[in-house]
Amino acid sequence: MHGMTTALPSGSWTHSFEEDADGIEVYRPTATFAFPPSRKGRKVLEFGAPAGVMAQGAATLTSMAPGPDDRPRAGPVTRLVPLGMGRYALGDGAGAQDVIDIVEATPDVLRLARR
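First, a word on what this report is: a plain description of the structure on this page. (Residues numbered from 1 in each chain as written. Predicted model: local features only at pLDDT ≥ 70, side-chain atom pairs only at ≥ 80, totals over all residues. Heavy atoms only, no water.)

## Re the overall build of the chain
Selection criterion: Under the DSSP-based scheme used, a helix requires at least four consecutive residues in state H or I and a strand at least two consecutive residues in state E, with every element numbered from the N terminus. Exposure classes here rest on a 1.4 Å probe applied to the protein chains alone. A residue is buried below 20% of its type maximum, exposed above 50%, and partly exposed in between. Here, two residues are considered to be in contact whenever any of their heavy atoms come within 4.5 Å of each other. Computed with a 1.4 Å probe, the accessible areas rest on the Shrake-Rupley method; for each residue, only the protein chains presented here act as cover.
Across its full length, the chain carries zero helices and eight strands. Reading the secondary structure of the chain in the N-to-C direction produces β-β-β-β-β-β-β-β. Here the chain, with 115 residues, has 34% of them falling under the buried criterion. The contacts in the chain between residues at least 6 apart in sequence include a share of 38% that link residues at least 24 apart. Here the chain has roughly 7,100 Å² of accessible surface; of this, 55% comes from carbon and sulfur atoms.

Here it is in structure tokens:
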């Protein structure tokens, strides 16, 4: 595929759960993709390095999910630790870690698996 990479994306990506398959979650660019209406609400992932939150250059991930009144609620900012081959550990302050694998990242789609 032209332009396909497993590099860490940046910006805001919204879960396109209708496209999930075989344990792979599909995300589309929040600002430019025309999502179909959904009563379920959509999870959003924000990749970046907010100023003052982490050391300069550190990659971060913030997950947002619909709250009880359907407005998005941001979770804590999580540091992303590269493990190689498109795999990243999500570390929290308590030492617990989840791992995500970037299966595909293009300007139009982000596919990832969670471990």
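## Quick notes on the packing of aromatic side chains
The relation between two aromatic rings is expressed through the spacing of the ring centres and the mutual angle of the planes. Defined as follows: For this analysis, a ring pair means two rings from Phe, Tyr or Trp (six-membered ring only for Trp) whose centres lie within 6.5 Å, classed as stacked if their planes differ by under 30 degrees, edge-to-face if by over 60, and tilted for the remaining angles. Each ring is checked for a lysine NZ or an arginine CZ that lies within 6 Å of its centre and within 35 degrees of its normal; such an atom marks a charge sitting over the ring.
Tallying each qualifying case throughout the model produces one aromatic pair. For the ring pair F33 and F35, a centre distance of 4.8 Å and an interplane angle of 70° mean the geometry is edge-to-face. Given a relative accessible area of 30%, F33 falls into the partly exposed group. Above the plane of the ring of F17 lies K40, whose end atom (NZ or CZ) is 4.3 Å from the centre.

That's the geometry; what it means functionally is another story.
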